[in-house]
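Per-entry structural report
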Amino acid sequence: MVDKTQRNKIFGTPETTFLNHSKGFASWAFTVDHKRIGIMYMIGVTIALFLAGFFALVLRSHLFSFDGQGLPFYGKLSNADYNQMFTLHGAVMVFSFIIPSIPGALGNIVLPMMLGTKDVAFPRMNLASFYLWIIGTGCLLAAILFGGGLDTGWTFYTPYSIETDTGVIYATFGAFILGFSSIFTGLNFLVTVNTMRAKGQTWFKLPLFIWSLYATAIIQVLATPVLGITLLMLIAESTLHIGIFDPRYGGDPVLFQHFFWFYSHPAVYIMILPAMGVISELISVYSQKRIFGYSFIAFSSVAIALLGFLVWGHHMFTSGQSVVMTLIFSAITFTVAIPSAVKVFNWLATLYKGSILLNTPMCYALAFIFLFGIGGLTGLFLGALSVDIHLHDTYFVVAHFHFVMVGGTLTALLGGLYHWWPKIFGRMYNDTLGRVSCFLVFVGFNVTFFPQFVMGARGMPRRYAQYDPEFQIFHQISTIGAFVLGFGILGAFLVLVHAAFYGKLAGANPFKAASLEWQSSSPPDFHNFTHTPILNDPYDFDALVYDEELDTYISREFADPAKVPPRKEPVHH
Amino acid sequence: MIWQFPTLTALQSTEALEQLAIKQRVIDSSLGGTVPEYVLERKIETSNPFNQAYWFPEQASTYAESVDSLYMDIFFISLVFFVAIVAVMVYFCIVYRRKGGVIAPQPSSSHNTTIEILWSVLPSILLVYMFVEGAGTFWEMKVPKTDSEEIQVIAYKYGWQFIYPNGDTTSELHLVQDQPVVLKLQSKDVLHSFFVPAFRQKQDIVPGRYTTAYIEPNKAGQYRLSCNEYCGDGHSKMRTACIVHVSQEDRLANTEWKKPEYSAWENGEHLYKIHCAGCHNINSIAGTGPALNLTWNREGKTAGGEAFKANETYIKESILYPSKKIVEGFGAEGSISKMNSFKGILSETPGGDIDHVIAFLRYLQDPDSVSSEKLKDLPEEKPAAAE
């Protein structure tokens, strides 16, 4: 029991926070505070999301008619324009948005606080990571402004990427730099989790979000250099004609595909693992239930990270690689399904007998389970060799990976933002409008991508600027869905931005969450904690009690002993 | 142009489709595309997604049926899991929803090793089934029958050329029902991919390599054939038709054949005399290099003991990079071959010099395996590209 003034100082509304302890442009631009860097990342990736989302709406509008729909203020896109649209959509979404989104924005803010520490292990490297993100994204955009655009597809497949006269060198250099940004974040997280955990915080007392970020960081550090090398070789090939990937100089285009997917398949897990971590937190907190099967979820993250390195060949079933290799890759691919399914079953079991609050973040979490369920299960069709031969590079694949990347990662990002928003900005959002945004995202998403499964199975190839008229009705439904989805995402961010400035004060721990970041004030102090946080089990919600005076949940140790109810369950250690 | 708000059009009726097809044809020809008479192979047969016919174009190859049935198996397995997951989720969210803002979770176990191991292991059995079924059919797709007809496919920006055993060429693919066919695919420029949805077959076409695809068409009709690997501005124009004829006679009569100007093997012989005859004999006796009449499809060992089969890929590589795989007895492993590289001398273009030399090597073994058809005799002077 600490005395009341001290308690109110810790959990009450603070006067100085990391947001206002210093002012001015330089105080942000040169900050080494992980929370401020996280917010800058959040703004950056959101801009990237809206930019790439704009490209998506342009290309979806074009596809409204089988031979190209005229667009307002522009007219009909040429095939070259269309190719640029889908390339830029993919490249910006993947390299500038999805990969840095959850680790860069949420991970940066939450990870050190979950460990009860002041900052990440290398704060300057953290800031460097963000600046590399800006430079890398700038290079990608330079491809549009100075390079004549980019029309290779985000995969940069050779020899087309060597032949084309668009800004491949700008864009690959951008992706190269963004790779370093990702490595810096990953390395920082690895060292931070290894060396800076709170006293007594053993590995199995870490929140599952940390486990997932840790598994992600392993991939970022081990796989990203391969992409970097590959892209440098591509630049060398385009300028010096060495003969690595281009058959005209004695190179082999399939080699590029091996190199590219050796990174880009693990990168899929860089995108989805942090999302799974966020969902583990949300499901547990909003059911007020200890997460079911903690160690299975924790180890499944690591299993996914490791297996993810062994399945890159499943992107190349039709490339002409040997039959035996293809069989092996198919077999290993199926094994990845197991740890993913384990997580879903564990989340469901966590809901059992919980006290489920259906607020905005929880709605996003439930939407995640629905959409990731479809994304994961459709992966089975693509893992089965004979079926994949038919579905490879059709709209079925497009729908599948959007269900995982958007239905999975984007909904988890939004859910996570809504969950931690009151902690970061100290203000609560409008829950009704938040849930409306979630509903729009959910409906819009399904309307956009579900028809694409049908088109794909019927043989509609991807990256087609014109297509057979029989597919038109599906494309039209898909386009309408895309606009609903766009408005949903826009709405979700408007609700958040409004809340950050005008929301009601939220209190230190409005959701009765048990991980350490909720033991700080909202917004947190510049140093995160003004006291030494008390190490709880991150899923022991019974360790928290409601305090009427502060109108928030605090640890039993801080509460007035006279008012503390007896513990419901024995304490786990 | 005044922009109008687009209207939603269901293009389901045959009439509407045909009208659009005509429009499409006009567009294609105006862009100089190579899309032939538009092919409308498929009408949507059912609106019931639980029926296989909803998901797929018609089946026109021997293995299409097993691809579709595995797809439907996975579909139903996924459906069961998905419905179960969502039903449990919704049920829990209703039954255990927080009432009146009172946080009251009921005590329950937070782990149960038996259950967790069971739900990890049991679904794996289904995964094994999917793998085995998929791999089995894949094997079927990959191993051609011996009596297959061999057709060369040359993909380029943005069109197709098909070269038949008799040397004739077409820009659509003409097959015969129940006649197995092996496609030897080559690209003149960038990556392309051969895709005929009705056959459930797809194969990337990699420049600098020969890839193969095996098809056994079992239903006559016209099907869509499209490029499935992004190849540039005209990617979506790179569509043509695949026509499966009821019989060989029907195919001969109803196809617009383009006769080759020269016979491939004769040009190959010509190139042989200019470039190869100094070192390579064709009388079974080895010269400085191996005898070429014994070369085609021979299985042998390199100086380093590596097994090879003298197929197109091997021969092309040996002409362009002779030191890579030196045949046992013709030099030490890792040494520089006595043969010069013919890169830049013989054209690597698909259907060009190297393919002609290969045709000549095949002719030496079996004169009936290659066609002698041509429009005119080779000119006296050296043919194009031969220096």
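Reading the values: the criteria
Residues numbered from 1 in each chain as written. Chains lettered and ligands numbered in written order. Predicted model: local features only at pLDDT ≥ 70, side-chain atom pairs only at ≥ 80, totals over all residues. Domains from an automatic or database assignment. Contact = placed C-beta atoms within 7 Å. Nonpolar A, V, L, I, M, F, W, Y, C, P; charged D, E, K, R; others polar. Pairing = 2+ DSSP bridges. Helix = DSSP H or I, 4+ residues; strand = E, 2+ residues; numbered from the N terminus. Axes fitted to C-alpha atoms, helices over the stretch in contact; angles between N-to-C directions. Buried ≥ 20, exposed ≤ 12 C-beta atoms within 10 Å, placed from the backbone. Expected span 1.5 Å × (residues − 1). Left-handed = near helix turned anticlockwise from the far one by under 90°.

Some remarks on the domain arrangement of chain A
Put simply, an interface is often sized by how much accessible area is lost when its parts join up. All names here are of chain A. As assigned here, chain A comprises domain 1 (1-30 + 517-573) and domain 2 (361-506). Counting residues at the interface gives 5 residues for domain 1 and 7 residues for domain 2. Across the side of domain 1 that touches domain 2, the residue classes tally to 2 nonpolar, 2 polar and 1 charged.

So, the sheet that holds strand β4 (residues 173-176) of chain B
Residues and elements named next belong to chain B. Pairing is mixed in the open sheet, where 5 strands are placed in the order β4-β10-β9-β6-β7. The open sheet has two edge strands with one neighbour each: β4 and β7 (201-205). Each strand axis lies, on average, 20° off the axis of its neighbour in the sheet, ignoring direction. Looking at chain direction, strand β9 (residues 221-227) and strand β10 (residues 239-245) are connected through 6 bridges and run antiparallel. What sits directly across from Gly221, in β10, is Val244.

Quick notes on the pairing of β4 of chain B
Sheet faces and side chains relate simply in a regular strand, where the side chains alternate between the two faces. All names here are of chain B. On β4, burial covers both faces: Leu173 and Leu175 on one face and His174 and Val176 on the other are all buried. The sheet contact formed by β4 and β10 spans 4 bridges and is parallel. Across the sheet, residue Leu173 finds its bridge partner in β10, namely Cys242.

Section: the interface of chain A and chain B
If you look at the interface, chain A gives 87 residues, while chain B gives 82 residues. Ranked by residues supplied to the side of chain A that touches chain B, first place goes to helix α11 (residues 323-351) of chain A with 13 residues. By residue class, the composition of the side of chain A that touches chain B is 48 nonpolar, 25 polar and 14 charged.

Observations regarding the sheet that holds strand β1 (residues 149-156) of chain B
All names here are of chain B. Spatially, the 5 strands line up as an open sheet ordered β3-β2-β1-β5-β8, and their pairing is mixed. Each edge of the open sheet is held by one strand with a lone partner, namely β3 (169-170) and β8 (211-215). Pairing of β1 with strand β2 (residues 159-163), which is carried by 5 bridges, proceeds in the antiparallel orientation. Paired with Ala155 across the two strands is Trp160, which belongs to β2.

Quick notes on the domain arrangement of chain B
Residue and element names in this part refer to chain B. According to the domain assignment, chain B contains domain 1 (149-253) and domain 2 (264-369). A per-element tally of the side of domain 1 that touches domain 2 places strand β5 (residues 181-187) first, with 3 residues. Of the residues contributing to the side of domain 1 that touches domain 2, the split by class is 3 nonpolar, 3 polar and 3 charged.

Remarks on helix α12 (residues 360-383) of chain A
Residues spaced three or four apart along an α-helix point in a common direction, a consequence of the helix completing one turn every 3.6 residues. The first and last C-alpha atoms of α12 of chain A sit 34 Å apart over 24 residues, in line with the 34 Å expected at 1.5 Å per residue. Counting buried positions along α12 of chain A yields 24 of 24 residues, so the element is predominantly enclosed.

Structural notes on the pairing of β2 of chain B
Residues and elements named next belong to chain B. Where β1 folds back onto β2 in an antiparallel hairpin, the turn is made up of 2 residues. Where β2 and β3 come together, 2 bridges link them in antiparallel fashion. Among the inter-strand pairings, Ile163 is bridged to a residue of β3, identified as Thr169. Connecting the antiparallel pair β2 and β3 is a turn made up of 5 residues, with Gly167 showing a positive phi of about 95°.

Some thoughts on unusual backbone geometry
Cis rather than trans, the peptide bond between Thr158 of chain A and Pro159 of chain A has omega equal to 0°. Within the fold, Pro159 of chain A resides in the loop between α5 (123-145) and α6 (160-163). Looking along the chain, the bond that leaves Ser522 of chain A and enters Pro523 of chain A is cis, with omega of -10°. Within the secondary structure, Pro523 of chain A is located in the loop between β2 (504-505) and β3 (544-547). Phi at Asn528 of chain A takes a positive value of approximately 75°, unusual for a residue other than glycine. Its identity is not glycine, yet Asp178 of chain B carries a phi of approximately 65°, on the positive side. Mapped onto the secondary structure, Asp178 of chain B falls in the loop between β4 and β5. Judged by the 14 C-beta atoms lying within 10 Å of it, Asp178 of chain B falls in the partly exposed class.

Remarks on the packing of helix α4 (residues 79-114) of chain A against helix α9 (residues 253-287) of chain A
Residue and element names in this part refer to chain A. Closest axis-to-axis distance for the α4/α9 pair is 8 Å, and the angle between their directions is 35°. Here α4 and α9 pass one another in a crossing that is left-handed. Side by side, α4 and α9 meet where Ile98, Ile99, Ile102, Pro103, Leu106 and Gly107 of the first sit next to Ala267, Ile270, Met271, Pro274, Ala275 and Val278 of the second. Here the contact of α4 with α9 is composed, by residue class, of 11 nonpolar, 1 polar and no charged.

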